Amino acid sequence: MESLAQLEALCERLYNSQDSAERAHAENTLKCFSMNVDYISQCQYILDNALTPYALMLASSSLLKQVTEHTLALQLRLDIRNYIVNYLATRGPKLQPFVIGSLIQLLCRVTKFGWFDDDRFRDVVKESMNFMSQATSDHYAIGLKILNQLVSEMNQPNPGLPSTHHRRVACSFRDQALFQIFQISLTSLRQLQNDDVNRLQELALSLSLKCLSFDFVGTSIDESSEEFGTVQIPSSWKPLLEDPSTLQIYFDYYAITKPPLSKEALECLVRLASVRRSLFTNDAARSKFLAHLMTGTKEILHTGQGLADHENYHEYCRLLGRFKVNYQLSELVNVEGYSDWIRLVAEFTTKSLQSWQWASSSVYYLLGLWSRLVTSVPYLKGDAPSLLDEFVPAITEGFITSRFDSVQAGFPDDLSENPLDNVELLQDQLDCFPYLCRFQYERSSLFIINIMEPILQTYTEKARVQTSAKSELSVIEAKLAWIVHIIASIVKIKQSTGCSAESQEVFDAELSAHVLQLINVTDLGLHSQRYGELSKQRLDRAILVFFQNFRKSYVGDQAMHSSKLYARLSELLGLHDHLLLLNVIVSKIATNLKSYAESEEVIDHTLSLFLELASGYMTGKLLLKLDTVKFIIAHHTQEQFPFLEEYRCSRSRTTFYYTIGWLIFMEDSAIKFKSSMEPLLQAFIRLESTPDAMFRTDNVKYALIGLMRDLRGIAMATNSRRTYGFLFDWLYPAHFPLLLRGISHWTDTPEVTTPLLKFVAEFVLNKAQRLTFDSSSPNGILLFREVSKLIVAYGSRILSLPNAADIYAFKYKGIWISVTILTRALAGNYVNFGVFELYGDRALADALDIALKMTLSIPLADILAFRKLTKAYFAFIEILFNSHILFILNLDTNTFMHIVGSLESGLKGLDTNISSQCASAVDSLAAFYFDNITMGEAPTSPAAINLARHIADCPRLFPEILKTLFEIVLFEDCGNQWSLSRPMLSLILVGEQIFTDLKAQILASQPADQHQRLSLCFDKLMVDVTRSLDSKNRDKFTQNLTLFRNEFRVK
């Protein structure tokens, strides 16, 4: 850098330029400041002398990166810390906010990383208070900002800092500083109450919220979810929370501030309402706290202050929702003023339901509160009335009416707006509603029936008309969809509160009968021409949800024969048992599959219901008695089910055929299987008779994709040796050449190769020991030869193709499925692989060769970047090391080192399954070395000679891996310690010197006063461990390692 002015110009470009090339150039030029430790003094020079905020920002963010990514000397870190504190004190008020923010983040990061290294790092709270005692509000703000950032920094895990170390720092900070910081926030709030400095109030409130939201016990709450459990505040905070002024200050702030500040005050109250019950001295103290909360919330309801703001309103609903989560109904009822409070909450709920447009998502917190209150009624003892009988029915009716009003007003036909489109979310939201309905079920069910009957009547009449106003029908269908969803949610929950189960079943039958009547109408007359309409699709999806819930409660495996329900259904509709009801469900499934070709959602939903029915033991048996099901099994063709022709529904074909497979194999008859496979046989014959010249047409493409998806579904359904045998004999040898032809002609088209390879991956998977052939059968070997041909055909072609823009879809996906096929075939235990070499057959060697070439063609960074590719790669490498280690050892040294190096990356990854697979592979390698080289005479076999040569070329290989394993076990939370202990012993036994050197290295990295203790720990690690790899010795080492780890980590 020639001069500071040039640097400032570069920084200006880095942060402000609109031109991405210019920005990239600036970033490249300035990278050295954050990468190279020698530039730290330069950063200080920039902070002292630069004039533009962008140069200051560069210096600050570069230092932050240096502190986070490099282990800097202790004195240097202390100097940086002291320098920043003085810098903020002298120049802070004049700096731009983004520069202040960055400098404070740097200060807090240095503090966190150095928390245990030197007590001076812990003075940051005291220094913040010095800022706050200055005369100017600017200094006061900086003090609050430092504390805000400090609490956030301590609560947030950092990449690069092991999670155990983060927790130790966070716990120490919680015990030593957090309470004091919370007190500072309360003092500041009191001091600033009458000030009009909005900015400071905001900082003090946000500090309070951060303290109350701290992860006190290390449960790492899911930040994305609005729900959290109890707030585990430490006992030392008790006097502060029992002091009424603490709670009051947040109610006061809610009253005097405007959003978003008032929302933050409410958020603090939500946290306080969730404080663990055991914190309080006794019941009286807790009741007093609850009474205060109720008075405060009642006051807000009385005045309605601030609730016109949407964010306040949402937060206030959350606050009310917390009441029943943390307190019991018996406690609420006994608080003075309960009757006023519950009346106001009921009025507030009713009003919220009426203004549904505005309060749609917040209403569910209120319904949650009411449903929890209702479910507690049977357990309520004592005389104090709960008054719920008075309010709940009105709220139930209000909710249903509000849904109708929302339909009448009409949502804009924008998918994101309509709650009926997201069926799963809607069912979650309706989860609490059935409890309200069942509270006074007779009244609620009558209300629903009275509302539904006239609409159903109109809908039935519309079916007979030739034409009708589209919008009018859409509104009717939307209303019906809401009712069906509501009835579905009621039927889902069969438990009753306060009244007999039998009477509830009668009402369930009444409601269900109305839905079943609706089903008789939905596909008649005019309605049968409306499958393309969104409102019709929503109604049909609601009906499917109803069937799913009704089945779980009243049909088949889990459900008992509910006499009252079926007796009533028999009177109303003549449906007197499971079988007749199943017939209704299956007829609707068949109608949907025939009628919908344009809606993927309805087809998918219908098929998942069909699969649920088929895979239930009792319902599956019952289905086979139905004519509709017999028809589907015999005629699964495109003429009958047009969705099979739609390419966009082609993924659904797998589920469709999986279900058909379940049903066919239940009968366990080879003749039945063959006759059912007739449509697929025709598809095979058509494709096999197509000449090569015509094989690259769209017709062939879509036929092939469909056939592969269908076969995969059938293969997924074979769960026993017998049923797998049906499919194997049907496919092999007649139809395998078509697979090879398909893969050879269409290698460059992932749409074809992916379903084809996925079918083969399913076909070679030995689940439930289904691939067990007779001892005299060569089928296992023949199957592997076919697999080998396919993989070689695909691999040799895909490697010669140039890369496409979306390389994952074009190449990597096919490669990981191919590697998975080979892994499954190698691990399936149905082939004796020695046969291939014995008879000079290249099938195994060629398959391993091409699979290795495919994996080596992908950079390791890409393998680790794509999750499915990572899983396939490491599973393949593990099976190679465990069962085909000679193949690995005979590779050249560079390839061998690359593969073993990738194992080290896998060990360091976060996925315990993958690190266990890598550990197993390393163990196989080290055990081979130990058995053949360490313990053997001079190595004689070619493989042992090769391994000795590889290790001689790279003597650091084993020590590096052992070091990695020790670091993981000692300094990180590993859930797979048993798996990691296996290769550790093998590596220690391979070379005693490796272990001795590593011990010295680890001790050197620890504080000097700990050396003696840790050295003793290391000695204990090898007590009673002998120089052998038998399982008894391994288990002894694993036990020692657990003790060693626990003793080593005691601070």
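Residues numbered from 1 in each chain as written. Predicted model: local features only at pLDDT ≥ 70, side-chain atom pairs only at ≥ 80, totals over all residues. Heavy atoms only, no water.

### Examining the overall build of the protein chain
A count of helical and extended segments in the protein chain gives 54 helices and zero strands. For the protein chain, the spread of C-alpha atoms along the three principal axes comes to 90 × 90 × 65 Å. Expressed as a percentage of the 1051 residues in the protein chain, the buried residues total 54%. Residue pairs in contact within the protein chain that sit at least 24 positions apart in sequence constitute 76% of those at least 6 positions apart. When the accessible surface of the protein chain is summed, it comes to about 45,000 Å², and 52% of that surface belongs to carbon and sulfur atoms. Looking at the protein chain, you have 100 positive and 115 negative side-chain charges, and the mean spots of the two groups are 3 Å apart. (Helix = DSSP H or I, 4+ residues; strand = E, 2+ residues; numbered from the N terminus. Buried < 20%, exposed > 50% of the residue type's maximum accessible area, 1.4 Å probe, protein only. Contact = heavy atoms within 4.5 Å. Areas by Shrake-Rupley, 256 points an atom, 1.4 Å probe, with all protein chains shown as cover. Lys, Arg positive; Asp, Glu negative; His and termini not counted. Charge placed at Lys NZ, Arg CZ, Asp CG, Glu CD.)

### What to know about helix α41 (residues 807-827)
In a regular helix each residue adds 1.5 Å, so 21 residues correspond to 30 Å; α41 covers 29 Å between its end C-alpha atoms and thus fits that length. Along its length, α41 reaches its greatest deviation from straightness, about 25 degrees, at K813. A large share of α41 lies buried, amounting to 17 of its 21 residues. N829 occupies a position one or two residues after α41 and carries a positive phi of about 65 degrees. (Expected span 1.5 Å × (residues − 1). Bend = angle between axes of the 7 residues up to and from the residue.)

### What to know about the nonpolar core
Membership of the largest hydrophobic core comes to 370 residues, with the highest contact counts inside it found for Y250, W370 and F966. Counting residues per element, this core draws most heavily on helix α25 (residues 470-492), at 13 residues. Every residue in contact with F966, bar those within four places of it in the chain, is listed here: M984, I988, F995, L998, I1002, F1018, L1021 and F1044. (Core = buried A, V, L, I, M, F, W, Y, C linked by side-chain atoms within 4.5 Å.)

### Considering unusual backbone geometry
Excluding glycine, residues mostly have negative phi values, and the peptide bonds linking residues are mostly trans. In this model, P259 is joined to P260 through a cis peptide bond whose omega is 0 degrees. Tracing the backbone through its elements, the reader meets P260 in the loop between α13 (244-256) and α14 (261-273). The peptide bond linking Y732 to P733 adopts the cis configuration, its omega dihedral lying at 0 degrees. Looking at the secondary structure, you find P733 in the loop between α37 (721-731) and α38 (736-745). In this structure, Q769 takes a positive phi of about 55 degrees despite not being glycine. Topologically, Q769 is positioned in the loop between α39 (750-763) and α40 (779-800). Located in the positive-phi region is N829, a residue other than glycine, with phi close to 65 degrees.

### A closer look at the pattern of salt bridges
In this structure the tally under the stated criterion is 49 salt bridges. Close ionic contact of R842 with D846 constitutes a salt bridge, the shortest N to O distance being 3.0 Å. Beyond isolated ion pairs, a larger network of salt bridges with shared partners links R277, D283, R286 and E331. (Salt bridge = Lys/Arg side-chain N within 4 Å of Asp/Glu carboxyl O.)

### A look at the side chain of H485
One can find H485 in helix α25. On the basis of relative accessibility, which here comes to 0%, the residue H485 falls in the buried class. Not counting chain neighbours up to four residues away, the residues in contact with H485 comprise L420, V423, L426, Q427, L430, A542 and V545.

### Here we look at a positive patch on the surface
Positive charge collects at one region of the surface, where R651, R867, K868 and K871 lie side by side. Ranked by residues supplied to the positive patch, first place goes to helix α45 (residues 867-883) with three residues. As for its placement among the helices and strands, R651 is situated in helix α33 (residues 650-667). Given the relative accessible area of 60%, R651 is considered exposed. (Patch = residues over 30% accessible without salt bridge, like charges linked within 9 Å, V, L, I, M, F, W, Y side chains within 5 Å.)

### Some points on the packing of aromatic side chains
On inspection of all chains with the given rule, the structure shows 53 aromatic pairs. Between the aromatic rings of Y732 and F736, the centroid separation amounts to 5.8 Å while the plane-to-plane angle is 70 degrees, which identifies the pairing as edge-to-face. A ring pair is formed by Y808 and F866, whose centres lie 4.8 Å apart and whose planes are at 25 degrees; its orientation type is stacked. Pair noted here: Y808 is in helix α41 and F866 is in the loop between α44 (860-865) and α45, with a separation of 58 residues, a long-range link. An aromatic cluster of three or more residues is present, and its members are W115, F173, F179, F182, F214, F216 and W237. The side chain of R168 reaches across the aromatic face of F116, ending 4.7 Å from its centre. Above the ring of W482, the side-chain terminus of R403 is found at 5.4 Å from the ring centroid. (Phe/Tyr/Trp six-rings, centres within 6.5 Å; stacked < 30°, edge-to-face > 60°. Lys NZ or Arg CZ within 6 Å of the ring centre and 35° of its normal.)

### Quick look at the packing of helix α47 (residues 893-908) against helix α48 (residues 912-934)
With their axes 8 Å apart at the nearest point, α47 and α48 run at an angle of 140 degrees to one another. Taken together, the axes of α47 and α48 lie oblique to each other. Where α47 crosses over α48, the handedness of that crossing is left-handed. Across the interface between the two elements, F896, V900, L903, G906 and L907 of α47 pack against I914, S915, C918, A919, A921, V922 and L925 of α48. (Axes fitted to C-alpha atoms, helices over the stretch in contact; angles between N-to-C directions. Parallel < 35°, antiparallel > 145°, perpendicular 65-115°, else oblique. Left-handed = near helix turned anticlockwise from the far one by under 90°.)

### Some words on the environment of T723
Mapped onto the elements of the fold, T723 is located in helix α37. Separated by 59 residues in sequence, T723 and I664 have C-alpha atoms that sit 9.5 Å apart. Residues contacting T723, with those up to four places away along its chain left out, are F665, D668 and T718. In this structure the side chain of T723 is engaged in a polar contact, spanning 3.0 Å, whose partner is the side chain of S720. (Polar contact = N/O pair within 3.5 Å; in protein donor to acceptor, adjacent residues only side chain to side chain.)

### Details of helix α10 (residues 163-192)
Every α-helix carries 3.6 residues per turn, so stepping three or four residues along brings you back to the same face. In this model, α10 (30 residues) spans only 38 Å end to end at C-alpha, well below the 44 Å of a helix rising 1.5 Å per residue. At A177, α10 shows its maximal kink, close to 50 degrees.

### A few points about the environment of L106
Structurally, L106 is set in helix α7 (residues 97-113). Put simply, L106 and T1038 are 932 residues apart on the chain and 42 Å apart in space, counted from C-alpha to C-alpha. Discounting chain neighbours no more than four positions away, the residues touching L106 are S60, L63, L64, V67, I80 and I84.

### Examining the confidence of the model for the protein chain
Per-residue confidence for the protein chain gives a mean pLDDT of 89, with 96% of residues at or over 70. Considering each helix and strand of the protein chain separately, the mean pLDDT is smallest for helix α19 (residues 356-359), with a value of 65, and largest for α39, with 97. This model gives residues 412-416 a pLDDT under 50, and the stretch forms six contacts once residues within four places in sequence are excluded. (pLDDT = per-residue confidence, 0-100.)

### With respect to the environment of D48
Considering the arrangement of structural elements, one finds D48 in helix α4 (residues 40-49). Filtering out sequence-adjacent residues up to four positions away, D48 remains in contact with Y83, Y87 and R91. One polar contact links D48 to Y83, side chain to side chain, over a distance of 2.5 Å.

### A few points about the side chain of T855
Secondary-structure assignment places T855 in helix α43 (residues 843-856). For T855, a relative accessible area of 4% puts it in the buried group. The residues contacting T855, other than those within four sequence positions of it, are V819, I863, Y873 and F876.

### Quick look at the state of the cysteines
Under the counting rule described, the total for this entry stands at zero disulfides. Left unpaired, C954 is separated from the closest cysteine sulfur, that of C918, by 18 Å. The exposure class assigned to C954 is buried, which follows from its relative accessible area of 17%. (Disulfide = S-S within 2.5 Å.)

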